[in-house]
Amino acid sequence: MESRNDTLPRITATVPEPTTGPLSFEELQLANRNRGLPLEALRYDITPTGLHYLLVHFDIPLVDAAAWRLRLGGKVKKEMSLSLEDLRSRPRCTLPVTFECAGNGRARLSPRPISQPWLNEAVSTAEWTGTPLANLLDEAGLAPGVVELVFTGADHGVEKEYEHDYARSLSVNEAMHPEVLLVYEMNGRPLEPQHGFPLRLIVPGWYGMTQVKWLSRIDAVSAAFDGYQQRVAYLYKRNADDPGEPVTRMRPRALLAPPGFPDYLTRRRILDRGRIAVHGRAWSGQGSISRVEFCVDDRSFDAALGKASGLFSWCAWGVEWDTTPGEHVLSCRATDSAGNVQPTDPPWNFQGMGNNLAQEVSVTVR
Ligand SMILES: Nc1nc2c(c(=O)[nH]1)N[C@H]1C(S)=C(S)[C@@H](COP(=O)(O)O)O[C@H]1N2
Ligand SMILES: [Mo]
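Residues numbered from 1 in each chain as written. Chains lettered and ligands numbered in written order. Predicted model: local features only at pLDDT ≥ 70, side-chain atom pairs only at ≥ 80, totals over all residues. Heavy atoms only, no water.

Points about the overall build of the protein
Inference 1: Tallying secondary structure elements over the protein gives five helices and 22 strands in all.
Inference 2: The C-alpha radius of gyration of the protein comes to 21 Å, within 12% of the 21 Å expected for a compact globule of 366 residues.
Inference 3: Projected onto the principal axes, the alpha-carbon positions of the protein cover approximately 70 × 45 × 35 Å.
Inference 4: Expressed as a percentage of contacts within the protein between residues at least 6 apart in sequence, the contacts between residues at least 24 apart total 74%.
Inference 5: For the protein, the accessible surface area stands at approximately 16,300 Å², while carbon and sulfur atoms represent 52% of it.
Inference 6: Charged side chains in the protein number 39 positive and 44 negative. The centres of these two groups are separated by 2 Å. (Helix = DSSP H or I, 4+ residues; strand = E, 2+ residues; numbered from the N terminus. Rg over C-alpha atoms; globule rule 2.2 N^0.38 Å. Contact = heavy atoms within 4.5 Å. Areas by Shrake-Rupley, 256 points an atom, 1.4 Å probe, with all protein chains shown as cover. Lys, Arg positive; Asp, Glu negative; His and termini not counted. Charge placed at Lys NZ, Arg CZ, Asp CG, Glu CD.)

Here it is in structure tokens:
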């Protein structure tokens, strides 16, 4: 379980360097598998399941729900093996949670790290139903010296040159937060295969990689977990040799639902002159949203903020804009209660993580 990267099976792979070149076939292939939220769906407080963004590193595994068990083991006093029915009969809790892929904004970096090429659209909100993890950990009883819990999915693959089951860890302290859930329902229905059927972890406030799908095991460990997705993938690194800082909670971001109607190819928006309502959503994993600025070219206005439907879900914002004929660039910027502001010029990083550069929408007012 506490395998080190140097003991993981290695498969020779070429690892492309960040590039300023055109989008590659491989990036297109990933983009076709991993779709984003259509930005007009920002109109929904709870994203309809079929519009929720998607990120699947390997293949969607086939899980036989009747035979499936969640194994809770490692350094615990009592090992547990739970069926879906066992989990469903435990205390039940529903929470609206917004999460975002840590790679959101990657394709807007220059040079562009080669991976899933998100622009702005890797975020959604769903109502997740499941049972609190803390109760289960209490029942199993963590042995003295346990520092982390490792969450392993049923999916398997190779990334860079490391073959592994998708797995991520959390400190005991983070794992015991009451809002951390093991969920079997999304928007009132059993999880869809692509969203983790039969069970996934939800850690509100954290970037998407933490929300482990197709959960098969939870292991209590007494040394920091060294798996690929923990020690290699999700790091803020300045260059290939930088040991890096772990990616954890979501940075603040606001998005606007592009107004008017689009040009098919360029997505440029076309609007009629007059007063229009512009709206969007904003979120942060580091506090609540305290301000959203809406910008038209170089002018900025404070937007009105709606109330979020939960502590861990995005809030609506809106503003009235008196359009003037011509070409404009619309943008928006969030600030959270911890004082983090969306940067206009975020620092570049080697793996394209957490790029919360403000969105820009080009419009033509006629
Ligand atoms: N087992 C497993 N869990 C996973 C992933 C994965 O590939 N395998 N992808 C992660 C990433 S990077 C993100 S952004 C979210 C996406 O969740 P969604 O597809 O339900 O939106 O799931 C996370 N959980
Ligand atoms: Mo992600």
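Details of the packing of aromatic side chains
Geometrically, a pair of aromatic rings is defined through the distance of the ring centres and the angle of the planes.
Inference 1: Per the counting criterion, the structure on display carries nine aromatic pairs.
Inference 2: On the numbers, 5.9 Å between centres and 20° between planes, the contact of F99 with W128 is stacked. Of the two residues, F99 is situated in strand β3 (residues 93–100) and W128 in strand β4 (residues 123–132); the sequence distance between them amounts to 29 residues.
Inference 3: Residue classification places F99 among the buried residues on the basis of a relative accessible area of 3%.
Inference 4: Among the aromatic residues, ring-to-ring pairing joins Y53, F99, W118 and W128 into one connected group. (Phe/Tyr/Trp six-rings, centres within 6.5 Å; stacked < 30°, edge-to-face > 60°. Buried < 20%, exposed > 50% of the residue type's maximum accessible area, 1.4 Å probe, protein only.)

Overview of the site of ligand 1
Inference 1: Taken together, 19 residues lie near ligand 1, and Y53, D155, H195, R200 and K213 sit nearest.
Inference 2: Within the side chain of H52, an N or O atom sits 3.3 Å from an oxygen atom of ligand 1.
Inference 3: Measuring from an oxygen atom of ligand 1, one finds a backbone N or O atom of Y53 at 2.7 Å.
Inference 4: A total of 530 Å² of accessible area belongs to ligand 1 in isolation, and the protein chains cover 100% of it. (Near = heavy atom within 4 Å. Polar contact = N/O pair within 3.5 Å; in protein donor to acceptor, adjacent residues only side chain to side chain.)

Thoughts on the domain arrangement of the protein
Inference 1: Each assigned domain of the protein is listed with its residue range as follows: domain 1 (4–246) and domain 2 (253–365).
Inference 2: Taken over C-alpha atoms, the centre of domain 1 sits 27 Å from the centre of domain 2.
Inference 3: Opposite the 42 residues of domain 1 that make contact, domain 2 presents 26 residues.
Inference 4: Summed over both sides, the interface of domain 1 with domain 2 buries roughly 3,100 Å², with 57% coming from carbon and sulfur.
Inference 5: Summed over the shared surface of domain 1 and domain 2, the result is two salt bridges. (Domains from an automatic or database assignment. Buried area = accessible area lost by both parts, 1.4 Å probe. Salt bridge = Lys/Arg side-chain N within 4 Å of Asp/Glu carboxyl O.)

A word on the pairing of strand β20 (residues 315–323)
Inference 1: The alternating pattern of β20 places C315, W317, V319, W321 and T323 on a buried face, while none of A316, G318, E320 and D322, on the opposite face, is buried.
Inference 2: As defined by bridge partners, strand β16 (residues 274–283) adjoins β20 across nine bridges and the pair is classed as antiparallel. Counted as the bridge partner of G280 is W317 from β20.
Inference 3: With two bridges joining them, strand β19 (residues 304–305) and β20 adopt antiparallel strand pairing. Within β20, the residue paired with L305 across the bridge is W317. (Pairing = 2+ DSSP bridges.)

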